[in-house]
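Letter by letter, the chains look like this.
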Amino acid sequence: MKRDGRETFSIVNPPPNAYMRPHIGNVSGYAYQDVLLRYHRLFGKKVLGQPGKDHAGIQGEVVVEKIFIENKGKTKLDMGREKFYKASYAHFEKLMPMVMSDEQRIGLSSDYDRNLFTLDPKVVETVLGTFIKMFADNMVYKGVRIVNWDPVAQTTLADIDTERVERETELVYIKYPVSRQRVWFLSFRSKEVLERIRSGKKTIETRALNPDEPDRFFGDIQTGDLIVCVDKTDGQTLYRKVREVTAFTSMKDAFDGLDLRQVFEQEPGSLDEMRERYASLADGYAERIDKNGLVAITFAELGDDDFLTVATTRAETMLGDTAITVNPADKRYKELTGKTVALPLVDRTIPVITSARVDKEFGTGAVKLTPAHSYDDYVMMTEWNEEHPDDAVGYINIISKAGTLSGPVPERYWGMKSEDARAAVIRDLDRMGLIVKREPHTQSVMIGERSKAVIEQIMSSQWFIDVERLKQPAIAAVKNGDVTIHPEYMNKKYLHWMENLHDWPVSRSLWWGYRIPVWYKGELKEEINDEGQVIESINGTAVKGIYDAVEKGLALVQIDSPGEGWIQDEDVFDTWFSSGQWPYATIKANGLMDTFYPTDVMETGYDILELWVSRMIMLSLYTQGTVPFTNVYLHGLVKAPDGQKMSKSKNNVIAPEEIIKDYGADSLRLLYVVGNKPGSSYPVSYEKLEGYKRFLNKIWNAAKFVLLNLQDVDGAALEDMDRTKLAFNDDDRTMHAHLDALVSETKRRMEGFHLGVAAQELYDSFWHTFADIYIEQIKERLYTRDKEGNPLNMEGDDLESRRAAQWSAYTILKTYLVLLHPFIPFITETVWQELPRYKDDAETIMYAKWPGS
RNA sequence: GGGUAGUUAGCUCAACUGGUUAGAGCAUUCGCUUGACGUGCGAAAGGUUAUAGGUUCGAGUCCUAUACUACCCACCA
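About the cut-offs
- Residues numbered from 1 in each chain as written.
- Chains lettered and ligands numbered in written order.
- Predicted model: local features only at pLDDT ≥ 70, side-chain atom pairs only at ≥ 80, totals over all residues.
- Heavy atoms only, no water.
- Pairing = 2+ DSSP bridges.
- Helix = DSSP H or I, 4+ residues; strand = E, 2+ residues; numbered from the N terminus.
- Contact = heavy atoms within 4.5 Å.
- Axes fitted to C-alpha atoms, helices over the stretch in contact; angles between N-to-C directions.
- Near = heavy atom within 4 Å.
- Polar contact = N/O pair within 3.5 Å; in protein donor to acceptor, adjacent residues only side chain to side chain.
- Nonpolar A, V, L, I, M, F, W, Y, C, P; charged D, E, K, R; others polar.
- Domains from an automatic or database assignment.
- Patch = residues over 30% accessible without salt bridge, like charges linked within 9 Å, V, L, I, M, F, W, Y side chains within 5 Å.
- Areas by Shrake-Rupley, 256 points an atom, 1.4 Å probe, with all protein chains shown as cover.
- Salt bridge = Lys/Arg side-chain N within 4 Å of Asp/Glu carboxyl O.
- Lys, Arg positive; Asp, Glu negative; His and termini not counted.
- Charge placed at Lys NZ, Arg CZ, Asp CG, Glu CD.
- Parallel < 35°, antiparallel > 145°, perpendicular 65-115°, else oblique.
- Left-handed = near helix turned anticlockwise from the far one by under 90°.
- Expected span 1.5 Å × (residues − 1).
- Buried < 20%, exposed > 50% of the residue type's maximum accessible area, 1.4 Å probe, protein only.
- Arc of directions from axis to C-beta.
- Phe/Tyr/Trp six-rings, centres within 6.5 Å; stacked < 30°, edge-to-face > 60°.
- Lys NZ or Arg CZ within 6 Å of the ring centre and 35° of its normal.

**Student:** Could you give me a rundown of the sheet that holds strand β22 (residues 456-465), with the residues and numbers involved?
**Tutor:** Consider a sheet: its strands pair through backbone hydrogen bonds, and that pairing is either parallel or antiparallel. Pairing is antiparallel across the open sheet formed by 4 strands, whose spatial order is β7-β6-β22-β24. Whereas interior strands pair on both sides, the edge strands pair on one side only; in this sheet they are β7 (155-157) and β24 (504-505). Bridge count for strand β6 (residues 140-150) against β7 is 3 bridges, and the pairing is antiparallel. Directly across from W149, in β7, lies its bridge partner T156. The strands touched by helix α10 (residues 375-387) are β6 and β22; relative to β6, the strand with the most contacts, the crossing angle is about 150 degrees.

**Student:** Tell me about the protein's contact with RNA strand B, and name the residues and values.
**Tutor:** Close to RNA strand B lie 45 residues; F362, V367, D376, R748 and W767 are nearest. Backbone sugar and phosphate groups make up 69% of those atoms of RNA strand B lying within 4 Å of the protein. Here a sugar or linking oxygen of RNA strand B sits 2.8 Å away from a polar atom, N or O, in the side chain of T312. A702 places a polar main-chain atom, nitrogen or oxygen, 3.3 Å from a base nitrogen of RNA strand B. Mapped onto the surface near RNA strand B, the elements with two or more residues apiece are β16 (307-312), α10, α13 (490-499), α21 (686-708), α23 (730-751) and α24 (755-782). At 10 residues, α24 tops the list of elements feeding residues into the surface near RNA strand B. Partitioned by chemical class, the residues of the surface near RNA strand B number 15 nonpolar, 11 polar and 19 charged.

**Student:** Go over the domain arrangement of chain A, please, and point to the residues and values.
**Tutor:** Splitting chain A by domain gives domain 1 (518-568) and domain 2 (665-847). Placing the centre of domain 1 and that of domain 2 at their C-alpha centroids yields a distance of 70 Å.

**Student:** If you had to explain the sheet that holds strand β30 (residues 555-557) to someone new, which residues and values would you point to?
**Tutor:** With antiparallel pairing, 3 strands are arranged side by side in an open sheet as β30-β26-β31. Unpaired on one side and paired on the other, β30 and β31 (566-568) mark the two borders of the sheet. Averaged over all pairs of adjacent strands, the angle between their axes in this sheet comes to 25 degrees, without regard to strand direction. Sheet topology note: the strand β26 (residues 518-521)/β31 ladder contains 3 bridges and is antiparallel. Along β31, the bridge assignment pairs K521 with W566.

**Student:** Please provide a residue-by-residue account of a positive patch on the surface, values included.
**Tutor:** Taken together, K72, K74, K83 and K94 make up a surface patch of like positive charges. Its location among the elements puts K94 in helix α4 (residues 81-105).

**Student:** Residue-level account of the packing of helix α19 (residues 656-663) against α21, with values.
**Tutor:** At a minimum axis separation of 10 Å, α19 and α21 run at an interaxial angle of 45 degrees. With respect to α21, the axis of α19 lies oblique. Relative to α21, α19 is oriented so that their crossing is right-handed. Packed against α19, whose contacting residues are I659, D662 and Y663, the element α21 presents Y686, L689, E690, K693 and L696 at the interface. Its residues assigned to classes, the contact of α19 with α21 comprises 5 nonpolar, no polar and 3 charged.

**Student:** How would you sum up helix α2 (residues 57-72)? Please name residues and give values.
**Tutor:** With 16 residues, α2 should cover 22 Å at 1.5 Å per step; its first-to-last C-alpha distance of 22 Å lies within 8% of that length. Looking at α2, one finds that the buried residues are G57, I58, G60, E61, V64, E65 and F68. The arc that holds every buried residue of α2, seen down its axis, measures 150 degrees, which confines them to one face. With respect to the buried face of α2, the exposed residues turned more than 90 degrees away are K66 and E70. On its buried face, α2 sits against α3 (76-79), α4 and β7.

**Student:** Outline a negative patch on the surface, listing residues and values.
**Tutor:** A contiguous patch of negative charge, built from E795, D797, D798 and E800, is present on the exposed surface. With respect to the helices, strands and loops of the structure, D798 is situated in helix α25 (residues 796-820).

**Student:** Tell me about helix α20 (residues 665-673), and please be specific about residues and values.
**Tutor:** For α20, the buried fraction is high: 9 of the 9 residues fall into the buried class. Within the span of α20, buried status applies to A665, D666, S667, L668, R669, L670, L671, Y672 and V673.

**Student:** Go over the pairing of strand β27 (residues 524-528), please, and point to the residues and values.
**Tutor:** Two strands pair when backbone bridges link them, and β27 and strand β28 (residues 534-538) are joined in this way by 5 bridges, in the antiparallel orientation. Along β28, the bridge assignment pairs L524 with I538. Counting the residues that bridge the hairpin from β27 to β28 gives 5 residues, and of these G532 lies at a positive phi of roughly 80 degrees.

**Student:** Would you mind going over unusual backbone geometry in detail, with residue names and values included?
**Tutor:** For the bond from H486 to P487, the omega torsion is 0 degrees, close enough to zero to count as cis. The linkage connecting Y597 with the following residue, P598, adopts the cis geometry, with an omega of 0 degrees. Locating P598 in the fold gives a position in the loop between α17 (593-596) and β33 (599-605). Even without being a glycine, D347 presents a positive backbone phi close to 55 degrees. Inspection of the secondary structure puts D347 in the loop between β18 (340-343) and β19 (348-354). Positive phi outside glycine occurs at F753, with the angle close to 65 degrees.

**Student:** Before we move on, could you go through the packing of aromatic side chains and cite the residues and values that matter?
**Tutor:** As enumerated under the stated definition, the model contains 32 aromatic pairs in all. Taken together, a centroid distance of 5.2 Å and an interplanar angle of 40 degrees make the contact between F770 and Y816 tilted. Taken together, the residues F770 in helix α24 and Y816 in helix α25 connect sequence positions 46 residues apart. Taken together through their ring pairs, the aromatic side chains of Y692, F695, Y763, F766, W767, F770, Y774 and Y816 make up a single cluster. The aromatic ring of W149 is capped on one face by K401, whose charged end is 4.6 Å from the ring centroid. The cationic tip of R615 hangs over the ring face of W504; the distance from NZ or CZ to the ring centre is 4.4 Å.

Quick look at the structure:
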């Protein structure tokens, strides 16, 4: 970019984790970044390489805590938040120089005196400022969402911080009674009533008006309705269909119309006697019947068709079911879709809905939907609600943060752990005859990476950023070319991700990071209410979201504490919220925005295009009104020699030192660059490294040869020679032409970000054209003695020819060194220092001039 | 299931917006060389660019279909 007359070029180096030494793949990026930095320096530009080190969020927190435990026997809880943070900061400061030395060893020529830590107060200020701006712009909110909750560590975990383990469980088939019309709940506290239903006596009288549900008129009960008979004394529930209904308006009416022997064991005898019997069932019952009437129902047993069977590994979560889901294309359930089923044990009704996510082949093809405790169910619920806002289903959270059952479930389950509750629920359902079968099943369970505790998915209130306003400009920036992505096909991945982007959850339950700048006037409490809904309160006052809290004077969004009694939000920001601001946060911290922002290139691995690059673009457009960089170069990943992904667990990681020790940093850089294209991965090849080492040796020897043959000329004299008057022959002219073409070709390749091709061509040209052909050609003209030791090429035309060859060899070598320098800085610099120094020559090849510039 | 790529020499990979005879490293075969070279040089062999169609004066490159492979995202109730 051109600013103030002098061209500038800037790259922000992606900050490596500061807590560990990088492996050979981690440092590959620096090679590409450095090639670009050095290349642009050769054009006399003002160049900035902005380095930094990352605090690494949860991984960083885990690593340092482990060290504290080992060294001092103290966990983070022992230390307390403030102390832990300070100690961690000090620890990271100690580690940073080590990581920095790894960057330097690979040759990264960034401005190390400007190095920044991600938690540097200057950076923090920028990051938090963005959140405050978003708050002012109405873009942040707290929303209830399903999270991975580690009941042992008492924290939410990102998916990446969890593991999956196979576990033998059983798939339990549970049948739910279907209601094709309406469902009625009849609850009894009298065994007698239930006995009559159970004992085959098919007629029962009931209240015309249910005092518990004053709006329901039981006179509406019709044939075919489902009756759920709940015995409140022992939890047993019976399900019956209505066969026939007879309505009476008064006790007398009923007395006349009923065969009372079907109702009572004995003949009631008289109306009064009957009234007495009814009164014994409940206080004032008889009076109410007199007043409101009576319904006599003939029941029928439910048949197989009247149940809908689901298969589940987590029977206990049925207590929190809010729907049954079937595949819309599943003919078996066509008729039931839109109907309701009665949920046993908790006596609720839930609808049968559809989702294409349901696999018809698995289990029974019907899934119980527990949105509060299953991520998949949560997604299905969300999708359903988006498409059917009028028939939206909710969630019911029944598991507390302690990992035990709570909320709107029968009291006997309260406090049970999931697994105990599962057994209890299965036992209870079995007693009711609702368990169809149980079969062994292998299930993969999510456990905490660190605690190894089984993760409970629960509903929790989290901070969100509304991305609608962020995403559109970021999509446009790539579409209209403000940002160019290399390789080009990655555009599609970027756009696909961006177009499907949903609101961004930005809070994490950690200490090591950017604490959310929100203050509460008292304690913020998150609780599950009797309906299983998550509710928040500050100092006992219920609040609905942050704007409500601020309005009520119970919360403030600002960086510094408002004073005594105010408590800061416990969470920190998601790592991408801060790293997404890294380009301008760093350059701003160094006071260089006017000169170097927006930057020219973001060079990083293709694997974080969506996670990181997209966020940098969004956040820079939002806060700075400009893209953070004009080009994105996405390198491939370095794989182990056998083509496998390098990872600690596979024990196949290679440290940069190992390679540098045997082959040199330049060879390693060539391995990264030569012949590779962006976006595709490549394995470490010791054969190639060997080849590059020989290439470096070739350069060294070619240079040595040229210098040996320059001994009789003064450097300055050579430089002052008039090129047009030298006695070049065809060999020289061919070589010159080749080199001229190479210079412009290399430039063209570099400008187009074809680093791999550029390096490959330089490699081939130097070795096979310059060294193999041209140097061989000029040997005869350069030698000063023949095989017998007589003087040669020392006078007349021979000397003229020799001078031309010397001049050519020297200038060509110099040109090659400059062209090669961005790729192999160490060897080119070493050779450069061996060359005679001329008046215009830079002290270091880093500041040499690109040929012709 | 959704997305993105890949399939080119024995192996690992290139080939810039379609343009000579598809290249390199390593491996293989033969020869030469030691006065820049840890060696190096020269030469050879090795390909119907996954398959089948299509567009074009011209296709590894563009289009369609198929078959495999890899990666990312989602998922296994």
